[in-house]
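Fold and geometry: a report
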Amino acid sequence: MPEVSAATRRVMQANKSKNTKPELKVRQALREAGLPGYRLHWKKCAGRPDICYPGRKIAIFVNGCFWHRCPHCNLSDPKSNVEFWHAKFERNRARDT
């Protein structure tokens, strides 16, 4: 694996993994629909879903458009280290299915 610069490392560490805007919107919609009582990032569930209803056996994963290559968004590809990013996006999509 190539050495990562300090600036790149800071930028990547600043990416949030919990309580992102899309996740907060989904949680708000669930509350408004009268579906409270969920658990967040439940460790006992496989894959540690963003939102989980253990009693109903429902897990909700809120995936970001960039990392999971949303087909509805017109996203540009990274310009540097193209092979790495292409492989990473493919692994993410394969894992999602």
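Report on the accompanying structure. Each chain carries its own residue numbering, running from 1 in the direction its sequence is written. It should be noted that, the model being predicted, local features are given only for residues of pLDDT at least 70 and side-chain atom pairs only at 80 or more, the latter also being counted only at that level, while totals for whole chains, interfaces and linings use all residues. Side-chain numbers here rest on the full set of heavy atoms in the structure, without hydrogens or water.

**Here's the deal with helix H2 (residues 21–32)**
End to end, H2 covers 16 Å across 12 residues, agreeing with the expected 16 Å (1.5 Å per residue, within 8%). What H2 keeps buried is the set Glu23, Arg27 and Leu30. Buried residues of H2, viewed axially, fall in a sector of 60 degrees; they line one side. The exposed set on the far side of H2, more than 90 degrees from its buried face, consists of Lys21, Lys25 and Glu32. Each element contacted by the buried residues of H2 is listed here: strand E1 (39–40), strand E2 (51–53) and strand E3 (58–60). Numbering goes from the N terminus for both helices and strands, where a helix is a DSSP run of H or I of at least four residues and a strand is a run of E of at least two. Helix span, expected: 1.5 Å multiplied by one less than the number of residues in the helix. The buried label goes to any residue with under 20% of its type's maximum accessible area, the exposed label to any with over 50%, and the partly exposed label to all in between, with areas taken from a 1.4 Å probe on protein chains only. Think of the arc as the fan of directions from the helix axis to the C-beta atoms. Any two residues having at least one pair of non-hydrogen atoms within 4.5 Å are treated as being in contact.

**Let's talk about the environment of Asn81**
Checked against the element boundaries, Asn81 lands in the loop between helix H3 (65–68) and helix H4 (82–96). The class of Asn81 is partly exposed, set by a relative accessible area of 43%. Along the primary structure Asn81 and His68 are separated by 13 residues, whereas in three dimensions their C-alpha atoms are 18 Å apart.

**What to know about H4**
Taking 1.5 Å per residue as the helical rise, H4 with its 15 residues ought to reach 21 Å, and the 21 Å between its terminal C-alpha atoms agrees with that figure. Within H4, the full set of buried residues consists of Trp85, Phe89 and Asn92. Axial view of H4: buried residues confined to an arc of 60 degrees, hence all on one face. For H4, exposure combined with an orientation more than 90 degrees from the buried face picks out Glu83, Ala94 and Arg95.

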